[in-house]
Structure formats: C-alpha cells, structure tokens
Amino acid sequence: ITESGNCSLVLCMDVGFSMSNSPPGEEPPFDQAKKVIQKFVQRQVFSESKDEMALVLFGTDATKNPLDQDGQYQHITVRRQLMAPDFELLEEIENHVRPESQQTDWLDALVVSMDLLQKGKYDRLNIVLLTDLSTQVSSDNLDVIIGNLGKLGITLQFLALKWYGDGDRRGSSRPGVGKGLSREQKQGLEMVRDIMLSLDEDEGLDQVYTFSEAIEQLFMFKHIERRPMAWPCQLTIGSSLSIRIVGYKAVTDEKLKKMWITVDAQTSKRDDVKRETVYCLDDDNETEVQKDDTIQGFRYGSDIVPFSKVDQEQMKYKHDGKCFAVLGFTKHDSIHRHLFMGSQTIKMFAPKDDEHAGVALSALIQALDKLNMVAIVRYAYDRRCNPQVGAAFPCIKQTYECLVYVQLPFMEDLRQFSFPSLENKKFTPSESQLAAVDSLIDSMMLVEEDENGQKEDMYKVHEIPNPAFQRLFQCLHHRAVNPGTPLPTMEQWLKDALERPSAISERCQAPLEEMKRKFPLKAVEKKKELKTGAQIFEPDAKKSKVDEEEEEFNLAKISEGNVTSVGSVDPARDFRSLINQKSLPFGEVCQQLTHRIEQLLSNRSTHYYMKCITCIQTFREQSVKLGNADLYNSYLQSLKKSIPNSGLQVFWDLLVQGMISLFIGGSRFSPT
Amino acid sequence: MINFVCLVLHNKRSAQFKKYLFIYLFIYFLFSPSVNYKVTGRDSLVFLVDASKEMFIKGEDGEPSNFDITMQCVRSVYTSKIISSHRDLVALVFYGTEKSKNPRNSFKHVYVYHDLDEPGAKRVQDVEALRGERGARLAADTMGSGEVSLGDALWCCSNLYSDIKLRLSHKRLMIFTCMDQPHGGDSTKDRQARTKAGDLKETGVVIDLMHLMKPGGFDVSLFFCDIVSPPEDESELGLQVEPCGKLDDLQKRVQAKQQKKRAMARVNLCLGEGMNVAVGVYANAVTARKPSAIRLYRETNEPVHSKTRTFHTQTGSLLLPSETRKAQVYGNRQIVMEKDEVDTIKKFYDPEIFLIGFKPMEKLKLHHHIRPSVLLYPEEQQVTGSSCVFAALLKKCTEKKVFAVCRYTPRRNYPPRFVALVPQREEVDESNVQVTPPGFNAIFLPFADDIRKLDTPQFPTASDVQVDKMKEIITKMRFKYRSDAFENPVIQQHYRNLEALALDMLAPESIEDFIMPKVEQIDRRLGPLVDEFKELVYPASYNPDSKPAAKRKTGQSRIHLTNSDPSRFIPWATIALVFIKETGIRVCNKDADLQ
C-alpha cells in the first residue's frame, strides 16, 4: 500500500449553526475550519498531488447528496465530487463555503462521505471530519458504520475545536480532557473515541487534532516529498567478498521540477512564442548554416580539433557500470568535511529481505565505527554515469545502522589556495578584543541546556522549509486567486523563521556593542572601477520595461510641454515624443536623432556614449514598433563602418554589449 | 618567492632538481600572485632559453642535458596552458645561437622560435622535436651555438612585446641558463644587458631566472641579481590581492584544468547591526568537467556561432523581452508573471552573510551535505579592521569548539541558504609551506525539503566475532587518504584523446584509472580472511552475487522519526501525517500529549 502513495479523500466540514458561535474575541470555529481546508487544498495543489478530493458540507440550508431520500440525510451538500484538487476547488471554498443555519448529525455526514469514497480510484481512503461536535448524534447505527469503515479500510481523522482548554497541547503534559465542553460535545467525544479505538487499537485518539494546531502546521506549503528510489547494488571488497546493499538518497539539494515557461505578453499563450536557434558563420553576412551541416569540435589551445560525437563516444572513458567497490580504508579524520563534493548523501542499507546481507553489512559498519575509519570507494550509479570516488562512513542509530556515502573530490576539482597567515602582528587581536568575542559567542549560543539538563537547539535549519519554495508558492497562489494585483509581501512566519531568534537578539545586544567599541571597522572608499558594459547598462535595462517607459513618457509630456524637435538634453525622450505625436514625418525625426547622436559622439566621453546608446536603443525600439527598420538599419550600418576610423571602438563595444541584437529583422550583421 | 626557490635549487640534488624546476614554473604561470582578476587582458610569458654549448652537456649517468630539461618544461607549460588558459600568449626565444631569426633580423645570435601567440598543437610538436638526442641534433642544425649577448636577446624580447596589439594584463619573461657569467666577464655586454633588463622591467615585464645546474654551483650574485625583478617585499605585502598557489605536487597539475582562482563573491559578514566584516568567498573545490564542445561548419571546420531568437508564432515578428511574460501551471491554471516579478520573488536580502548564532561542533551532522563548501577569508581592502575581527573570531571559535550558523545570500535576487562557518586554523608543513590556509569553511546546511524520509529496515547486529573479523580485513586494507590522490579518469581520457587528435598521434596516451580497485592486490593481502568472514556471516547456501529470489512481500514497515524534540518547527513528517495516515506509521511525540 505504501508503494502507491495516492489516496482518495473526503473533506467533510460542519458549516452548521454552532460553528459560527464563539466567545467574544475568539475566532469562530467555522473560520478556523475554513482556513484549515483552504491551506490544505493549497498545499495539495502546489505539491501537484495526484490525490483526489471531495468536499462535503453539513449543516447547510439546502440538501444535495445521493442519499437524500425520505427525509433522511437532510442538510448535507456534496460541493465537489472526488477529483484532483485545483484552483476551481479553492475558489469554490473561497466563495461558497459560508456559515449556514442548520444542525446536522455528523454521523449522517460521515455516511455520505463513505458513500462518496466508494467511487474513489485509489486504495487508500480517508475522511477528514471537521466539526465542533455540538450536534445531537443518534448512535443507533454506530456499529454498522464502524463495521463499514473497517471493511472499506477507510481512515478517519477528526479535526475538532477546543479539544481541551486552549488547544495548546505543547507545554502542558496532561491537558484536562473535556474541560469546558457541552453535554453534546462530551457525548460526541465519547463516540469519536469509540470509533477511533475500534478502528485502530494502537492509536486511538492520535488522529484527533484541534483546528488551531492543524492550522499552525498548514501555514507552510507542503514541502516536496519524493518517493525514495532504491538503488540495489553490491558492496565489494576485492574479487570475492560482496555484500548486497540498497542505497537511498538521504539528503540532496532539492530543486523545483517546474520551470518558468515563456508566454506572449498579450495573449498569455505559450504557443504564440517560439524560440529558435540558428547557426551562423563568422563572416560579414553571418551566413546561416543548417544544424545538420555542423559537427562538434573541441579547443586545443589555438587549434580546434574536430571530434565527432561518434568518435568521442568511441574513444571516451568506459566502465562496467553500477559499482560500489572498496578501494581501501582510511582514518576518519583524514577526510575533510569541507571537501565533500556533489549535492547529496546516500544511505546504504542491506536489502529488506536479506538478513545475511544485513549481518555482513552490520559487521562492516560496527568495525569501521570501532576503528574510527571509513571506506574509500569507487561509486558508479550506472553505465551512463561517470564514476566517482567517495567515502562511506559508518552510521549507527538507535533503530538502524547504515553506511553514509559522500562524494570526494578528484585532483582536478581541488582549488588549493594559500592565504597570508592571520598570525600577523597587524591583525593579532588583543586580550580585551578576544574577551569581547568570547562573550559575544556565549551570548549567542543557539544550543542550551534547559532546566532538565536536556540540550535544546532553538534553531534547527533542517526543519525550516526552503524559503524560496514557500515564497514562490505564496506568490503563485496569490496571482492565481487575485490576478491583476501586486504580489504580496513575504509572510510573517517565514520572515521570522529566517531571522535570529528574538531571545538571542536581546541577549547579544550588549556584547555586540562592546565588539563595536573594541574593533574599529572602516569601509574603504571604493576606487573608481572600470565599468563593464553590463554595469553601465543595468539601470537602462530596467527602464526598457514597457510600463515604466510609458509612464516616463507621460510624465515627460506633462512637465515638458510640447516637444518640437530632438534636443540635446534628452534626445531619446524627445524622439519618442515626436514619434508619438506624429506631427513630423518619421524620416525627419530619425534624421534629427542621428544628427544629435553624431554631435554627442564627437565629445568622446563615456557619459555621452551612454546617452547615445540610449538613443540607439530607442531608435531601434520605435522602429520595431512602427515596423520600419530601413532607416535604423542603414544608419547603424554606416555607424559601424565609421567606427575604425573615428576611434570610437570603446563606444561600439559598449553598444554591442548593451543590446540584445543590433540590427532588426532578417539582415543580421555581426556587430563584432 | 624567488629567493626561496633559489635556495631549494641549490640544496637539492639533480634528480630532485628537475622536479623543483617544474614546480617553480607552475607556480609562476598558474598562480602568479600579481594576477589581478580586475585587470582585463591576457597573460603573456616569454621563455628566453640559453642555447650555448654548455646547455647541451649531459649530466653524469646519462642525466638529460639542461637544454633537454628545459624543453620538457616548455612542452608541459604549453600543453598545460592549452588546457587551462589557451588565450594566454607564449613565446620561445633562444639566445647564444649561431644563426639568427627575429622579426627584423636586427639582432645577431637571437633565434625567435615561437612568436608571442596562443599555444597550439603545432607548437607542442615543435618543442617536442627539440627533446632528447634528436632534439639536440635538430637544435644544432637549425640554430647552432654561438656568441652570447643577453642584452640583444632582451631587446628582441621587448620588441616582441611591443609588436603585440592586444592588451596584456601580465607580462613575464623567464631566462633559462646554466651560465652565471653569460658574457664571460665582458663588462660592456653586461652593462648593455642590465640597461635592457631595466627598460623591460620599467614597461611592466617581470624577469625571472631559471638557473640550471652547473658544476661548481650557480652564483646569482655575479651578474643575474641585477637582471631579475626584485622579489615582492614580504613585509610590505601584508595582504595579497590574490592568494598564491601551493608548492606541493604541482607537477600533477599539468593535465588539470585550472580555473583562475578568484573570489566568487565579496560580501559582508554581518555580526549585527553596524558590525560588518568584509570577506571574500572562495571555492574549496569545484567539480571539473569536460570543456564544452564547439560547433563547426562541416565543410570548412570553421566555428559557427549560435543565435537564439524569440518570435511570435502567428505574426513571425521578433519578440522583445518586454513582449513576453513568464508562467507556470498549477492546479489546471496558468499563472502569469512579469519577468521582474519572477526576479523579485527570489529576492530576500541584499548579499551578505548574516550571523544567527553559534552551536557546538558536535551539532554539525556529517550527512547534512548538499553542495561543496566555500572558504571565507577577510578582505582588508574593503573594510579595514576586518582581518582583526576575523582572526579573533577564528581563534575563539576554535578554542570554544563552536561553529557559527549564518544566513548566506551570495547575490542579489538569490534566495538565502544557511551555512555553518567552521573555523580552520592555518597549518604549515615541516618546510614552513602552508598546507591549510586560515579561514572559515562555510558548509551549506539542508532545509527541511532537502531531507528525505527513509524507511529504514532493521536487522540483527553483527556479533563480536563477526565484527572482529571485519576489523582484520579493514586493517589489512588501510591506506593514507589524500584528497589529491585521485585523478578523474573521464577528464584525463578526454584530454589525452584531444591531444592525440591534435598532435596526429596514432593512439592517445593511456591513462591510469586511480579509482579502480586493485583487486588482485586486495585479494593477495586479505588471503584467507575473506573466506573466514564469509563463513561467519553467510550460510553455505547463500550467494550474494546471485539474483535475489522473488521479492518477498514486504510487510508493514515502520518509519521511525528520530526527531521528536519540540522546537520552533514541527517536523515535516509530523505535518504530513495530519491528514494522511499511512498504515503503520506512528508519530512518537503524540502519545504523551493526547490520550
């Protein structure tokens, strides 16, 4: 069952009268329950879960369910049949799940949910019931219901409000169950206990949660869960000792599998945009050649050696494929943590059903651990993958033993730098400086012993969800549900999670001030650095965004009045204005612009060059807009020709760097 | 640096001498300390080689001649340059020759064998031809040995430099000779050479002497001390702009693809509001890959360049970046964003390393590895005082056995990662050469998403007898691991192949696969231990090499969540269980709280 991870699930939510009741200042159970299902569905949507999901509401004014007959199963509405969760479901919840005024027996709603699940396509069936248990329940058919739940293998989960007191179960070890509950709730609770216990003796109420703890956990988007892929292989020592093993990735630099696609800005259609790669010779005309007419080669100094794919395949390093072979054993401390390579660690176990392998591997793990040694191995995932050298560390936990494999560097990978020693008189810290650092470290220890002598780590990075994913999903969700509105700010919990814990911030205040007094730090004025094209262009590149451009143009119009000719202060803007006004013929405006460019260029200064490049960019952009590229192209061609004689190579280089492509349309000329 | 190497050369015997000559060279061209990444332009290197008769005298016991050694050296540098930095310019000039060959033929007894240019296959072959007996004969035929005028030779080299139209970032000239008095005491020629050397140095050329073995020893003070560039003043140096290379084992690097060492980033290490220490971020190791292929036009073998265009399918017009947007599809809905929105989503903080706090070293888990680490070293030039804070932190963290947890944002629009800053004290070997630089290693820490839940099978643990037998096996197979001991066979083979094709060799030189287990040797060493161990752990009928029998239906598995201590975050595993209950899963920390 665990192999196919998917399940069919019914969210069964009480929207009845009592759900919208709450003491003043407290959030009504309805709102909390709604948030829970919203967050849950969101997570399912973004984790691309294949689970199917249905939504049943009870306590509704209307009745809409397949069991509605003879006045039975009233006030129960099936909002959505079992299907994969999507944004429609989210909108449905947003817009159609609202507090209503009826009260319905939650056992009836459970029966409706069970009925729905019979049509589920997966083996694993779940019902999540969200209610405050305030309704009168008839327990007549309880046995039948329990029997059916068991027979169908349905797992039931309750989300109840105010389970015990304040709903905060952390901190208080034995919460007073049933405190402050109504008679109905107490009765409901008993019944829930009966059901849960009869379904699973072991766990009973483990599957009962309060809304607030569910919601606290659901605030984060579900993290990526990948099914671990087994890698069966043999660990070999020499030619005749082998131990069967299975490897699983334990830690890896997880990336999102979904990439951004490019769509047309107007239609938002992907099919409207096509990307094409062409190959050109390095001649003046940039003659295009077909991909089939090209071969591959490699640089060997100033020579290029043609080396076809076939030859390369023939001559390349070949090996026997999958392998985990021990080269030798070495001291644990000769492996440096800072030289771990690759982006993963793999845990090696013996195969589940092979006890002999288990014992053999255990002998190796125990022996390594006792000798404080590690195995150096040759690891190859399969025939197509390059072999690696790596270390297999023994790992002994309370419940299991394994080898942990990490890739080590090849000689070619190493960057062996040496740096000037810091044991230099100039930098040697004084005793008082060292004392300041000492107390700073003491004030900032993240791991401390609590009153019971337990070491408590208050900042576990490996329990923080990757903020990049969280933020992306937050923005995607926002944009999907509220198109046309700006992106939201980062959620507060995420911000907090990435900050120094407040306890530490407070504690380190004074030591930090002392550090500042003891260590004078002074930022050195940056020398004027040689600007690269990219740096110079950065601000301009941003301006080319259509919106800003339009805005800028409008502002210009208001503040400058009517533009009549291309001036020297901001020729690009004037040019754009004139073209928009259409009061002068395009050719004439272009001529005015090119005249200005020539004037500016004659100054031979970077500042003027930048202005000219803006002009040329604007020239190009307007030409594209008007579909008239001739004037632009011919101007650029003449400009290019004049470069060698006019000593404007610097300008040309900047221009080439700064523009995506110089010429417009089919006639592409090499800018270099 | 120069003084140091001279010392080594004088003290070592000739067998070792060769090795050190190589090493010395490699230091210079691979790790020249004055190479500044900020300066654009190409590096250049001129080999100025003495071709007088003394250079061709063979050593005792058939030791190769100084000339032969020099040519081996030049060839290595050529092939190495080809792999590491083929854009650099290299020249080979002989002096003290009979015949002359130089641009305007204005200098006698100077033979420009290779002009300043990028090295290629032809040049490697040319130098190869000058090696060994045949090489010596070829040299005698083409150039011969004659009068020596170092002044003329230097002048000629300076012309080589001035003929180059390219911008040169770094100019170096290396003189190879075994004559400490090249002009035999002719003071006019000596003076000429000094003047010319002075001119060269003034134009930014660094002159080094590769003095070779000579009976009676080579006395630098007789003449060459005035020719070579003075060593950089250590006391004034303080902090070098770039770290310089390690002496050890550089010879192996001939075939290694070297990237220019440079800081990947320069950021502030922020200890708190208003307390910023400037640091440079350096890669400890980068996975070397085969260079990427170049596309060539089939007919002419000339390189082609590719262009990628984006156009509208309907209208066929080119689309500007502003005319497109970015989208992703989730839950049957296409969600569209502007390109700059996509960037801003990735932006969390400005580039910095922000200190969160400290933890004891044992809290750093070995298997929490997601990418190669980087090294931090202070940047005194950006913020004065940085080195002192850094040194103090380094010292105290080492003493207290703690590491720093930091939030690291390497660039703008780059989501943060957390790193553990692990102190690394400087280590030097017996000859006072640095083996480990001082600094903090930044180990990247995984997020919850990076950690996978595993279903861990349980087995009986091995008995003491079994473990002891394995200990014997392990002890027999002990070796001293060195991180630079393993070459990458894939890359090595690739370069050998290229070399063979480029130099028209019949077959590529064979490589040694260092990561192949030496099975026979292992078997021999282990002897009967293997069978003894197998007898202890495997029943007679068991064969680990056979295909496993049809998979037994696996029973219900228990996932053990080892992490049950409460914290700021509830383990994800627990959260996943809120709704979806897997058969047999038990959440450890529930029982205590809920009855």
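Residues numbered from 1 in each chain as written. Chains lettered and ligands numbered in written order. Predicted model: local features only at pLDDT ≥ 70, side-chain atom pairs only at ≥ 80, totals over all residues. Heavy atoms only, no water.

- Going by what an unreviewed UniProt entry lists, chain B is known as DNA helicase and is assigned to Myripristis murdjan.
- Reading the Catalytic activity (unreviewed entry) entry of the UniProt record for chain B gives the comment "ATP + H2O = ADP + phosphate + H(+)".
- A UniProt comment under Subcellular location (unreviewed entry) is attached to chain B, and it reads "Nucleus". (UniProt positions renumbered as here; feature names shortened; annotations may be inferred.)

- Chain A goes by X-ray repair cross-complementing protein 5 in an unreviewed UniProt entry, where it is assigned to Myripristis murdjan.
- Here chain A is described in UniProt, under the heading Sequence similarities (unreviewed entry), as follows: "Belongs to the ku80 family."
- The UniProt entry for chain A carries the following text under Function (unreviewed entry): "Single-stranded DNA-dependent ATP-dependent helicase."

Details of the overall build of chain B
Okay, step 1: In terms of helices and strands, chain B carries 15 helices and 20 strands.
Okay, step 2: Residues classed as buried in chain B amount to 55% of the 595 residues present.
Okay, step 3: Taking all contacts inside chain B whose residues are at least 6 apart in sequence as the whole, residues at least 24 apart take part in 71%.
Okay, step 4: Accessible area of chain B: about 26600 Å², with a carbon and sulfur share of 49%. (Helix = DSSP H or I, 4+ residues; strand = E, 2+ residues; numbered from the N terminus. Buried < 20%, exposed > 50% of the residue type's maximum accessible area, 1.4 Å probe, protein only. Contact = heavy atoms within 4.5 Å. Areas by Shrake-Rupley, 256 points an atom, 1.4 Å probe, with all protein chains shown as cover.)

Comments concerning the side chain of Ser334(A)
All names here are of chain A.
Okay, step 1: Mapping Ser-334 onto the fold places it in the loop between β14 (323–331) and β15 (341–349).
Okay, step 2: Judged by relative accessible area, Ser-334 falls into the buried class, the value being 18%.
Okay, step 3: For Ser-334, the side chain forms a polar contact with the side chain of Thr-330, separated by 3.2 Å.
Okay, step 4: A polar contact is formed between the side chain of Ser-334 and the backbone oxygen of Lys-331, at a distance of 2.7 Å. (Polar contact = N/O pair within 3.5 Å; in protein donor to acceptor, adjacent residues only side chain to side chain.)

Some points on the sheet that holds strand β16 (residues 373–380) of chain A
Okay, step 1: Taken in spatial order, the seven strands close into a barrel running β7-β8-β15-β18-β17-β16-β14 (chain A), and their pairing is mixed. Each neighbouring strand pair of the sheet contributes to a mean axis angle of 40°, computed without reference to strand direction. (Pairing = 2+ DSSP bridges. Axes fitted to C-alpha atoms, helices over the stretch in contact; angles between N-to-C directions.)

Regarding the domain arrangement of chain A
Okay, step 1: Per the domain assignment, the segments making up chain A are domain 1 (7–165 + 181–224), domain 2 (229–413), domain 3 (464–499) and domain 4 (571–658).
Okay, step 2: Computed from C-alpha coordinates alone, the two centres of domain 1 of chain A and domain 2 of chain A are separated by 46 Å. (Domains from an automatic or database assignment.)

Quick look at the interface of chain B and chain A
How big an interface is tends to be stated in terms of accessible area lost as the parts join.
Okay, step 1: At the interface, 243 residues of chain B touch 244 residues of chain A.
Okay, step 2: Summing both sides of the interface, chain B and chain A together bury roughly 23700 Å²; the carbon and sulfur share of this comes to 61%.
Okay, step 3: For Asp442(A), the salt bridge identified is with Lys400(B), shortest N-O distance 2.9 Å.
Okay, step 4: On inspection of chain B and its partner chain A, the count reaches 83 residue pairs in polar contact (both at pLDDT 80 or more).
Okay, step 5: When residues in the side of chain B that touches chain A are grouped by element, the largest group, 13 residues, is from helix α10 (residues 386–400) of chain B.
Okay, step 6: Of the residues contributing to the side of chain B that touches chain A, the split by class is 124 nonpolar, 58 polar and 61 charged. (Buried area = accessible area lost by both parts, 1.4 Å probe. Salt bridge = Lys/Arg side-chain N within 4 Å of Asp/Glu carboxyl O. Nonpolar A, V, L, I, M, F, W, Y, C, P; charged D, E, K, R; others polar.)

Re the packing of aromatic side chains
All names here are of chain A.
Okay, step 1: This model, assessed by the stated rule, comprises 33 aromatic pairs over all chains.
Okay, step 2: For the pair Trp-231 and Tyr-379, a centre-to-centre distance of 5.1 Å together with 55° between the ring planes defines the contact as tilted. Taken together, the residues span a long stretch of sequence, with Trp-231 in strand β7 (residues 231–237) and Tyr-379 in strand β16 at a distance of 148 residues. Per residue, the accessibility class of Trp-231 equals that of Tyr-379, and both read buried. (Phe/Tyr/Trp six-rings, centres within 6.5 Å; stacked < 30°, edge-to-face > 60°.)

Quick look at the pattern of salt bridges
Okay, step 1: As enumerated under the stated definition, the model contains 47 salt bridges over all chains in all.
Okay, step 2: Across the pair Glu313(A) and Lys316(A) runs a salt bridge whose closest N-O atoms are separated by 3.2 Å.
Okay, step 3: Lys316(A) sits in the partly exposed class, given a relative accessible area of 33%.
Okay, step 4: For Glu133(B), the salt bridge goes to Lys58(B), with nearest N and O atoms at 2.5 Å. Taken together, the residues span a long stretch of sequence, with Glu133(B) in helix α5 (residues 132–142) and Lys58(B) in the loop between β1 (42–50) and α3 (66–84) at a distance of 75 residues.
Okay, step 5: Its relative accessible area of 46% is what places Glu133(B) among the partly exposed residues.

Observations concerning the packing of helix α6 (residues 150–163) of chain B against helix α7 (residues 187–202) of chain B
All names here are of chain B.
Okay, step 1: Here α6 crosses α7 at 20°, and the two axes come no closer than 7 Å. Regarding the angle of α6 to α7, the classification is roughly parallel. Handedness of the crossing formed by α6 with α7: left-handed. Residues Leu-150, Gly-151, Leu-154, Trp-155, Ser-158 and Tyr-161 of α6 lie in contact with α7, whose contacting residues are Gln-192, Ala-193, Lys-196, Ala-197 and Leu-200.
Okay, step 2: Of the residues belonging to the contact of α6 with α7, the class tally is seven nonpolar, three polar and one charged. (Parallel < 35°, antiparallel > 145°, perpendicular 65-115°, else oblique. Left-handed = near helix turned anticlockwise from the far one by under 90°.)

Focus on the side chain of Asp190(B)
All names here are of chain B.
Okay, step 1: Along the chain, the position of Asp-190 falls in helix α7.
Okay, step 2: Buried and unpaired, Asp-190 has Arg-194 as its nearest opposite-charge partner, separated by 4.4 Å.
Okay, step 3: Only 2.7 Å separates the side chain of Asp-190 from the side chain of His-183, close enough to count as a polar contact. (Lys, Arg positive; Asp, Glu negative; His and termini not counted.)

Comments concerning the pairing of β14(A)
Residues and elements named next belong to chain A.
Okay, step 1: Within β14, eight of the nine residues are buried, which leaves it mostly tucked inside the rest of the structure.
Okay, step 2: As defined by bridge partners, β7 adjoins β14 across two bridges and the pair is classed as parallel. By the bridge assignment for β14, Leu-235 is matched with Phe-324.
Okay, step 3: As defined by bridge partners, β14 adjoins β16 across eight bridges and the pair is classed as antiparallel. Residue pairing in the sheet places Thr-330 in a bridge with Val-374 of β16.

What about the nonpolar core?
Okay, step 1: Counting 98 residues, the largest nonpolar core has Ile376(A), Phe358(B) and Phe418(B) as the members making the most contacts within it.
Okay, step 2: It is α10(B) that contributes the most residues to this core, eight residues altogether.
Okay, step 3: Not counting the four nearest positions on each side in its chain, Phe358(B) is found in contact with Ile441(A), Met444(A), Met445(A), Leu446(A), Val447(A), Leu393(B), Cys397(B), Val402(B), Phe403(B) and Ala404(B).
Okay, step 4: If you look at the next biggest cluster of nonpolar residues, it comprises 43 residues, including Leu235(A), Phe324(A), Ala357(A) and Tyr405(A). (Core = buried A, V, L, I, M, F, W, Y, C linked by side-chain atoms within 4.5 Å.)

Considerations on the environment of Asp484(B)
All names here are of chain B.
Okay, step 1: Relative to the assigned elements, Asp-484 resides in the loop between α11 (464–476) and α12 (489–502).
Okay, step 2: Overall, the relative accessible area of 9% leaves Asp-484 in the buried class.
Okay, step 3: Side chain to side chain, Asp-484 and Arg-482 meet in a polar contact 3.0 Å long.

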